[in-house]
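What follows is each chain in one-letter form.
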Amino acid sequence: MKRQIASFVASALTLAGLACLSTPAAAQDKGGDKVNQVIVYGDDPCPESSDGTITVCARLDESERYRIPEGLRHSDDPANQSWTDRVRSYETVGDFGALSCTPVGAGGDLGCTQKLIDAAYAEKRTGSSVRFKQLIEEERAKRLSKIDEEAAETQSRVEEIEKEYLERQRRAQEEQTPDEKDASEAPLPKPDDNQ
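Residues numbered from 1 in each chain as written. Predicted model: local features only at pLDDT ≥ 70, side-chain atom pairs only at ≥ 80, totals over all residues. Heavy atoms only, no water.

Caption draft 1: The overall build of the chain, seen in detail. Broken down by element type, the chain carries five helices and two strands. Counting only residues that meet the buried cut, the chain has 9% of its 195 residues in that class. In the chain, the share of contacts with a sequence separation of at least 24, taken over all contacts with a separation of at least 6, comes to 29%. Accessible surface, the chain: about 17,300 Å² in total, of which carbon and sulfur atoms supply 55%. (Helix = DSSP H or I, 4+ residues; strand = E, 2+ residues; numbered from the N terminus. Buried < 20%, exposed > 50% of the residue type's maximum accessible area, 1.4 Å probe, protein only. Contact = heavy atoms within 4.5 Å. Areas by Shrake-Rupley, 256 points an atom, 1.4 Å probe, with all protein chains shown as cover.)

Caption draft 2: Region of the structure containing the confidence of the model for the chain. In this model, the chain carries an average pLDDT of 76, and 70% of its residues clear a pLDDT of 70 or more. pLDDT under 50 marks residues 21–29. Its contacts with residues more than four places away, or in other chains, come to zero contacts. (pLDDT = per-residue confidence, 0-100.)

Caption draft 3: Seen up close, a negative patch on the surface. Taken together, the side chains of Asp148, Glu149, Glu150 and Glu153 define an acidic patch exposed on the protein surface. Considering the arrangement of structural elements, one finds Glu149 in helix α4 (residues 132–174). (Patch = residues over 30% accessible without salt bridge, like charges linked within 9 Å, V, L, I, M, F, W, Y side chains within 5 Å. Salt bridge = Lys/Arg side-chain N within 4 Å of Asp/Glu carboxyl O. Lys, Arg positive; Asp, Glu negative; His and termini not counted. Charge placed at Lys NZ, Arg CZ, Asp CG, Glu CD.)

So, in structure tokens, the structure goes:
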């Protein structure tokens, strides 16, 4: 009996856990525009954006078409290390103590944060020249400008239709016979106060 209760509780907890895990995935379906990021080379045309998808093209030089991507061209293999880097590594052989990011000496661990920051800035400087975030923002701005233009065109069409409608009404009133004009312009009878 206790085993049946324990297995029931375990299965109920498992189902509850699975239900909680699927909630973020369901929320992602309600996101904004889909973004298609494409790299094109030389004078190749950029694919057109569709209604539900923003297509962002990063244009690279034609000479990059058949090359290894820039992020994969460099290797940390010691055989590929330049003499300048080897000499520089010998300059720091005896570097220990405060702000050195070594386990040796007092305060040696204090330089590790600075070393991480320097590495992050170096990676940012030598990173890929393709910045999709900026391209996506530019594409969204283009879409919004088109929306404003379309709204202005629609507004002008509506105003033209309203003018035509009012002109037709005016012509229809001018074409009415004098009896119809008198009937339409006559005041409505007032209700009796006795009723």
